[in-house]
Amino acid sequence: MRPALTINGFASDAVNDVLGDPGATTWGAALVGPVNEETIKGAGVALLLVLYRDRIRRPMQAFAVGAFAGLGFQVVENLSYAVTFALRDPQSDVVGALIVSFARALFGFQSHWVYSGFFALGLILLRMRSLLFPVPLLLSYLLHFWWNAPSGSEPVLVLLLIALKCGITLALLGGAWTWMLFEHRRWLAAAVRTPEAAALAPPAELATLPTRALRRNGEQFVRHYYGPAFAAVTRQRQKWLLRELTYRVG
(Lines give C-alpha, C1' and ligand atoms only; values in the text may rest on other atoms or scores of the structure.)
Protein backbone atom coordinates (compact mmCIF):
# COMPACT_ATOMS: atom_id res chain seq x y z
CA MET A 1 0.00 0.00 0.00
CA ARG A 2 2.81 2.43 0.86
CA PRO A 3 4.53 2.11 -2.58
CA ALA A 4 1.16 2.63 -4.29
CA LEU A 5 0.49 5.84 -2.35
CA THR A 6 3.96 7.19 -3.11
CA ILE A 7 3.78 6.40 -6.83
CA ASN A 8 0.21 7.69 -7.01
CA GLY A 9 1.44 11.05 -5.77
CA PHE A 10 4.18 11.36 -8.39
CA ALA A 11 1.94 10.04 -11.16
CA SER A 12 -0.86 12.43 -10.24
CA ASP A 13 1.57 15.34 -10.48
CA ALA A 14 2.65 14.14 -13.91
CA VAL A 15 -0.95 13.83 -15.12
CA ASN A 16 -1.71 17.28 -13.77
CA ASP A 17 1.27 18.71 -15.67
CA VAL A 18 0.07 17.12 -18.92
CA LEU A 19 -3.71 17.59 -18.70
CA GLY A 20 -4.05 20.53 -16.36
CA ASP A 21 -7.44 21.37 -14.85
CA PRO A 22 -10.14 20.16 -15.12
CA GLY A 23 -8.80 17.17 -17.07
CA ALA A 24 -6.45 15.98 -14.35
CA THR A 25 -9.14 16.30 -11.68
CA THR A 26 -11.66 14.40 -13.80
CA TRP A 27 -9.46 11.65 -15.23
CA GLY A 28 -6.51 11.51 -12.82
CA ALA A 29 -7.82 8.61 -10.72
CA ALA A 30 -8.75 6.58 -13.81
CA LEU A 31 -5.35 7.08 -15.45
CA VAL A 32 -3.11 6.71 -12.41
CA GLY A 33 -4.79 4.17 -10.12
CA PRO A 34 -5.17 1.15 -12.43
CA VAL A 35 -1.68 1.24 -13.94
CA ASN A 36 0.07 1.84 -10.64
CA GLU A 37 -1.97 -0.29 -8.26
CA GLU A 38 -2.59 -3.30 -10.49
CA THR A 39 1.09 -3.46 -11.45
CA ILE A 40 2.24 -3.29 -7.82
CA LYS A 41 -0.29 -5.89 -6.67
CA GLY A 42 0.50 -8.01 -9.71
CA ALA A 43 4.21 -7.98 -8.88
CA GLY A 44 3.43 -9.33 -5.41
CA VAL A 45 1.16 -12.01 -6.82
CA ALA A 46 3.79 -12.97 -9.40
CA LEU A 47 6.32 -13.39 -6.61
CA LEU A 48 3.97 -15.72 -4.73
CA LEU A 49 3.31 -17.78 -7.87
CA VAL A 50 7.06 -18.18 -8.37
CA LEU A 51 7.86 -19.00 -4.74
CA TYR A 52 5.04 -21.56 -4.52
CA ARG A 53 5.10 -22.78 -8.12
CA ASP A 54 5.13 -26.40 -6.96
CA ARG A 55 1.83 -25.86 -5.11
CA ILE A 56 -0.04 -23.23 -7.13
CA ARG A 57 -0.49 -24.89 -10.49
CA ARG A 58 -4.14 -24.53 -11.48
CA PRO A 59 -6.09 -21.42 -12.59
CA MET A 60 -8.51 -21.63 -9.68
CA GLN A 61 -5.65 -21.73 -7.17
CA ALA A 62 -3.93 -18.75 -8.76
CA PHE A 63 -7.15 -16.75 -8.86
CA ALA A 64 -7.65 -17.38 -5.13
CA VAL A 65 -4.10 -16.15 -4.38
CA GLY A 66 -4.67 -12.99 -6.41
CA ALA A 67 -8.08 -12.40 -4.88
CA PHE A 68 -6.75 -12.59 -1.31
CA ALA A 69 -3.85 -10.30 -2.18
CA GLY A 70 -6.30 -7.79 -3.65
CA LEU A 71 -8.58 -8.14 -0.64
CA GLY A 72 -5.71 -7.26 1.69
CA PHE A 73 -4.92 -4.19 -0.40
CA GLN A 74 -8.62 -3.27 -0.41
CA VAL A 75 -8.95 -3.47 3.37
CA VAL A 76 -5.88 -1.28 3.94
CA GLU A 77 -7.07 1.21 1.32
CA ASN A 78 -10.51 1.39 2.94
CA LEU A 79 -8.92 2.12 6.30
CA SER A 80 -6.73 4.85 4.81
CA TYR A 81 -9.77 6.48 3.18
CA ALA A 82 -11.70 6.28 6.45
CA VAL A 83 -8.90 8.06 8.34
CA THR A 84 -8.52 10.69 5.60
CA PHE A 85 -12.20 11.54 5.41
CA ALA A 86 -12.53 11.52 9.19
CA LEU A 87 -9.90 14.26 9.40
CA ARG A 88 -11.48 16.24 6.56
CA ASP A 89 -15.03 16.25 7.92
CA PRO A 90 -15.56 19.58 9.71
CA GLN A 91 -18.53 18.28 11.74
CA SER A 92 -17.57 14.86 13.03
CA ASP A 93 -14.61 12.52 12.60
CA VAL A 94 -16.88 9.53 13.17
CA VAL A 95 -19.43 10.60 10.56
CA GLY A 96 -16.71 11.32 8.02
CA ALA A 97 -15.15 7.91 8.53
CA LEU A 98 -18.46 6.03 8.53
CA ILE A 99 -19.78 7.63 5.34
CA VAL A 100 -16.80 6.73 3.19
CA SER A 101 -16.49 3.30 4.86
CA PHE A 102 -20.13 2.50 4.15
CA ALA A 103 -19.86 3.63 0.53
CA ARG A 104 -16.71 1.60 -0.12
CA ALA A 105 -18.12 -1.46 1.63
CA LEU A 106 -21.34 -1.18 -0.38
CA PHE A 107 -19.60 -1.17 -3.76
CA GLY A 108 -16.24 -2.69 -2.86
CA PHE A 109 -17.48 -6.25 -3.22
CA GLN A 110 -16.35 -6.14 -6.85
CA SER A 111 -13.18 -4.09 -6.78
CA HIS A 112 -9.55 -4.87 -5.91
CA TRP A 113 -9.94 -8.55 -5.12
CA VAL A 114 -11.56 -9.13 -8.52
CA TYR A 115 -8.90 -7.15 -10.40
CA SER A 116 -6.03 -8.96 -8.68
CA GLY A 117 -7.75 -12.29 -9.19
CA PHE A 118 -7.91 -11.63 -12.93
CA PHE A 119 -4.25 -10.56 -12.94
CA ALA A 120 -3.21 -13.80 -11.22
CA LEU A 121 -5.35 -15.80 -13.64
CA GLY A 122 -3.50 -14.19 -16.54
CA LEU A 123 -0.13 -15.05 -14.97
CA ILE A 124 -0.99 -18.71 -14.44
CA LEU A 125 -2.33 -18.97 -18.00
CA LEU A 126 0.97 -17.50 -19.20
CA ARG A 127 2.83 -20.17 -17.24
CA MET A 128 0.54 -22.79 -18.79
CA ARG A 129 1.40 -21.35 -22.22
CA SER A 130 -2.20 -20.52 -22.98
CA LEU A 131 -2.80 -17.91 -25.67
CA LEU A 132 -5.66 -16.56 -23.53
CA PHE A 133 -3.32 -15.09 -20.91
CA PRO A 134 -3.57 -11.44 -22.13
CA VAL A 135 -7.37 -11.39 -21.65
CA PRO A 136 -7.54 -11.53 -17.81
CA LEU A 137 -4.42 -9.35 -17.52
CA LEU A 138 -6.03 -6.61 -19.59
CA LEU A 139 -9.34 -7.02 -17.75
CA SER A 140 -7.66 -6.26 -14.43
CA TYR A 141 -6.53 -2.88 -15.77
CA LEU A 142 -9.62 -2.07 -17.84
CA LEU A 143 -12.13 -2.87 -15.10
CA HIS A 144 -10.18 -0.73 -12.63
CA PHE A 145 -9.95 2.09 -15.18
CA TRP A 146 -13.68 1.92 -15.89
CA TRP A 147 -14.55 1.95 -12.20
CA ASN A 148 -12.38 5.02 -11.57
CA ALA A 149 -13.59 6.80 -14.71
CA PRO A 150 -15.95 9.77 -14.09
CA SER A 151 -19.67 9.03 -14.09
CA GLY A 152 -20.98 12.54 -14.56
CA SER A 153 -22.67 14.88 -12.12
CA GLU A 154 -26.32 13.79 -12.35
CA PRO A 155 -27.13 11.58 -9.31
CA VAL A 156 -29.44 9.28 -11.27
CA LEU A 157 -26.87 8.82 -14.03
CA VAL A 158 -24.13 8.18 -11.49
CA LEU A 159 -26.19 5.46 -9.79
CA LEU A 160 -27.09 3.85 -13.12
CA LEU A 161 -23.46 3.80 -14.23
CA ILE A 162 -22.33 2.36 -10.91
CA ALA A 163 -24.95 -0.38 -11.20
CA LEU A 164 -23.84 -1.07 -14.78
CA LYS A 165 -20.18 -1.25 -13.78
CA CYS A 166 -20.96 -3.62 -10.91
CA GLY A 167 -23.16 -5.78 -13.13
CA ILE A 168 -20.58 -6.16 -15.90
CA THR A 169 -17.76 -6.86 -13.43
CA LEU A 170 -19.84 -9.55 -11.71
CA ALA A 171 -20.84 -11.05 -15.08
CA LEU A 172 -17.18 -11.30 -16.12
CA LEU A 173 -16.31 -12.75 -12.71
CA GLY A 174 -19.09 -15.33 -13.04
CA GLY A 175 -17.91 -16.29 -16.50
CA ALA A 176 -14.31 -16.66 -15.35
CA TRP A 177 -15.34 -18.70 -12.31
CA THR A 178 -17.49 -21.02 -14.43
CA TRP A 179 -14.60 -21.55 -16.84
CA MET A 180 -12.17 -22.22 -13.98
CA LEU A 181 -14.58 -24.72 -12.42
CA PHE A 182 -15.01 -26.69 -15.65
CA GLU A 183 -11.28 -26.49 -16.38
CA HIS A 184 -10.51 -27.86 -12.92
CA ARG A 185 -12.99 -30.70 -13.34
CA ARG A 186 -11.57 -31.54 -16.77
CA TRP A 187 -8.04 -31.59 -15.37
CA LEU A 188 -9.08 -33.68 -12.36
CA ALA A 189 -10.90 -36.22 -14.55
CA ALA A 190 -7.67 -36.69 -16.50
CA ALA A 191 -5.42 -36.57 -13.42
CA VAL A 192 -7.09 -39.57 -11.73
CA ARG A 193 -6.08 -41.73 -14.72
CA THR A 194 -2.38 -40.91 -14.54
CA PRO A 195 0.40 -43.17 -13.16
CA GLU A 196 0.97 -40.62 -10.38
CA ALA A 197 -2.63 -41.10 -9.24
CA ALA A 198 -2.41 -44.88 -9.48
CA ALA A 199 0.50 -44.77 -7.04
CA LEU A 200 -1.69 -42.99 -4.47
CA ALA A 201 -4.96 -44.94 -4.40
CA PRO A 202 -6.91 -47.75 -6.08
CA PRO A 203 -9.01 -46.92 -9.20
CA ALA A 204 -12.35 -47.20 -7.37
CA GLU A 205 -11.33 -44.53 -4.88
CA LEU A 206 -9.85 -42.26 -7.54
CA ALA A 207 -13.07 -42.47 -9.54
CA THR A 208 -14.92 -40.64 -6.75
CA LEU A 209 -12.71 -37.53 -6.94
CA PRO A 210 -13.56 -35.54 -10.12
CA THR A 211 -16.69 -33.78 -8.78
CA ARG A 212 -18.12 -32.80 -5.42
CA ALA A 213 -21.17 -34.97 -6.05
CA LEU A 214 -19.02 -38.05 -6.67
CA ARG A 215 -16.97 -37.39 -3.55
CA ARG A 216 -20.13 -36.99 -1.49
CA ASN A 217 -21.58 -40.22 -2.92
CA GLY A 218 -18.37 -42.07 -2.04
CA GLU A 219 -18.48 -40.73 1.49
CA GLN A 220 -22.14 -41.69 1.90
CA PHE A 221 -21.42 -45.18 0.60
CA VAL A 222 -18.73 -45.66 3.26
CA ARG A 223 -21.01 -44.16 5.92
CA HIS A 224 -23.81 -46.55 5.02
CA TYR A 225 -21.71 -49.71 5.12
CA TYR A 226 -19.01 -48.89 7.68
CA GLY A 227 -20.29 -46.03 9.84
CA PRO A 228 -19.59 -42.31 10.50
CA ALA A 229 -16.01 -42.82 11.69
CA PHE A 230 -14.94 -44.40 8.42
CA ALA A 231 -16.85 -41.73 6.49
CA ALA A 232 -14.85 -39.01 8.26
CA VAL A 233 -11.62 -40.80 7.36
CA THR A 234 -12.82 -41.04 3.74
CA ARG A 235 -13.49 -37.30 3.63
CA GLN A 236 -10.02 -36.51 4.98
CA ARG A 237 -8.44 -38.92 2.53
CA GLN A 238 -10.27 -37.29 -0.38
CA LYS A 239 -8.84 -33.91 0.63
CA TRP A 240 -5.37 -35.43 0.86
CA LEU A 241 -5.68 -37.07 -2.55
CA LEU A 242 -6.85 -33.84 -4.17
CA ARG A 243 -3.92 -31.95 -2.67
CA GLU A 244 -1.40 -34.61 -3.72
CA LEU A 245 -2.76 -34.75 -7.26
CA THR A 246 -2.38 -30.98 -7.51
CA TYR A 247 1.28 -31.26 -6.46
CA ARG A 248 2.16 -34.28 -8.59
CA VAL A 249 0.16 -33.95 -11.80
CA GLY A 250 0.81 -30.93 -14.03
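Keep in mind that what you see is a predicted model, and the values were worked out from it rather than measured.

Criteria and cut-off values
- Residues numbered from 1 in each chain as written.
- Predicted model: local features only at pLDDT ≥ 70, side-chain atom pairs only at ≥ 80, totals over all residues.
- Heavy atoms only, no water.
- Helix = DSSP H or I, 4+ residues; strand = E, 2+ residues; numbered from the N terminus.
- Buried < 20%, exposed > 50% of the residue type's maximum accessible area, 1.4 Å probe, protein only.
- Contact = heavy atoms within 4.5 Å.
- Areas by Shrake-Rupley, 256 points an atom, 1.4 Å probe, with all protein chains shown as cover.
- 1 Å grid on protein atoms, 1.4 Å probe; cavity = no way out; pocket = protein on both sides within 12 Å on 5 of 7 lines; lining within 4 Å.
- Points joined across faces, edges and corners; volume = space filled by probe spheres on them.
- Nonpolar A, V, L, I, M, F, W, Y, C, P; charged D, E, K, R; others polar.
- Axes fitted to C-alpha atoms, helices over the stretch in contact; angles between N-to-C directions.
- Parallel < 35°, antiparallel > 145°, perpendicular 65-115°, else oblique.
- Left-handed = near helix turned anticlockwise from the far one by under 90°.
- Phe/Tyr/Trp six-rings, centres within 6.5 Å; stacked < 30°, edge-to-face > 60°.
- Lys NZ or Arg CZ within 6 Å of the ring centre and 35° of its normal.
- Expected span 1.5 Å × (residues − 1).
- Arc of directions from axis to C-beta.
- pLDDT = per-residue confidence, 0-100.
- Salt bridge = Lys/Arg side-chain N within 4 Å of Asp/Glu carboxyl O.

A.B. asks: What's the story with the overall build of the chain in this structure? I'm lost.
C.D. replies: The number of helices and strands found in the chain is 11 helices and zero strands. The N-to-C order of helical and strand elements in the chain reads α-α-α-α-α-α-α-α-α-α-α. By the burial criterion, 38% of the 250 residues in the chain qualify as buried. Contacts in the chain between residues at least 24 apart in sequence constitute 68% of all its contacts with a sequence separation of at least 6. Put simply, the chain shows about 14,500 Å² of open surface, and 69% of that area lies on carbon and sulfur atoms.

A.B. asks: Which parts of the structure should I look at to understand the layout of surface pockets?
C.D. replies: Over the atoms rolls a probe the size of a water molecule, and its path tells where empty space is left. Roughly 500 Å³ of volume is contained in the second largest pocket. As for the second largest pocket, its lining consists of 17 residues, and the residues nearest its centre are His184, Thr211, Arg212, Arg215 and Leu242. Secondary structure elements with two or more residues in the lining of the second largest pocket: helix H7 (155–191), helix H10 (212–226) and helix H11 (228–248). Here the residues of the lining of the second largest pocket are counted per class, giving six nonpolar, four polar and seven charged.

A.B. asks: Can you walk me through the packing of H10 against H11 in this structure?
C.D. replies: In contact at an axis separation of 7 Å, H10 and H11 are set at 150° when each is read in the N-to-C sense. Relative to H11, the element H10 lies roughly antiparallel. Taken as a pair, H10 and H11 cross one another with a handedness that is right-handed. Where H10 approaches H11, its residues Arg215, Glu219, Val222, Arg223 and Tyr226 are matched on the opposing element by Pro228, Phe230, Ala231, Thr234, Arg235, Gln238 and Leu242. Considered class by class, the residues forming the contact of H10 with H11 number six nonpolar, two polar and four charged.

A.B. asks: I would appreciate a short explanation of the packing of aromatic side chains in the present structure.
C.D. replies: The relation between two aromatic rings is expressed through the spacing of the ring centres and the mutual angle of the planes. Evaluated as defined, the whole model comprises four aromatic pairs. Taking the centre distance of 6.0 Å and the plane angle of 65° together, the rings of Phe119 and Tyr141 count as edge-to-face. With Phe119 in helix H5 (residues 112–127) and Tyr141 in helix H6 (residues 134–148), the pair connects residues that are 22 residues apart, well separated along the chain. By relative accessible area, which is 10% here, Phe119 ends up buried. Sitting over the face of the ring of Phe73, Lys41 holds its NZ or CZ atom 5.3 Å from the ring centroid.

A.B. asks: Help me understand H10 in this model?
C.D. replies: Side chains of residues three or four places apart in an α-helix project in the same direction, reflecting 3.6 residues per turn. For H10, with 15 residues, the first-to-last C-alpha span of 21 Å sits near the 21 Å given by 1.5 Å per residue. Of all the residues in H10, the buried ones are Arg215, Gly218, Glu219 and Val222. Angularly, the buried residues of H10 cover 95° about the axis, an arc narrow enough to put them on a single face. For H10, the exposed residues set more than 90 degrees away from the buried face come down to His224 and Tyr225. Along its buried surface, H10 packs onto H7 and H11. In the stretch just after H10, Gly227 is the one whose phi turns positive, near 105°.

A.B. asks: Could you clarify how one ought to interpret the confidence of the model for the chain in this entry?
C.D. replies: When pLDDT drops low, the exact placement of atoms in the prediction is not to be read closely. Residues of the chain with pLDDT of at least 70 account for 82%, and the chain-wide mean is 85. Averaged over each element, pLDDT in the chain is lowest for helix H1 (residues 2–19) (55) and highest for H5 (96).

A.B. asks: Even after reading the chapter, I still don't get the pattern of salt bridges, so can you show me in this structure?
C.D. replies: One side chain can pair with another of opposite charge once the charged atoms of both are near each other. Tallying each qualifying case throughout the model produces seven salt bridges. Between Lys41 and Glu38 there is a salt bridge, with the nearest N and O atoms lying 3.0 Å from each other. Placement of both Lys41 and Glu38 in helix H2 (residues 23–51) is noted, with a separation of three residues, approximately one turn of the helix. Glu38 shares its class with Lys41; the two are buried. Residue Arg186 is joined to Glu183 by a salt bridge in which the shortest nitrogen-to-oxygen separation is 3.3 Å. In this pair, Arg186 and Glu183 are both assigned in helix H7, three residues apart and thus about one turn of the helix distant. On the basis of relative accessibility, which here comes to 7%, the residue Glu183 falls in the buried class. Ionic contacts of the salt-bridge type, sharing partners, join the residues Arg58, Glu183 and Arg186 into one network.

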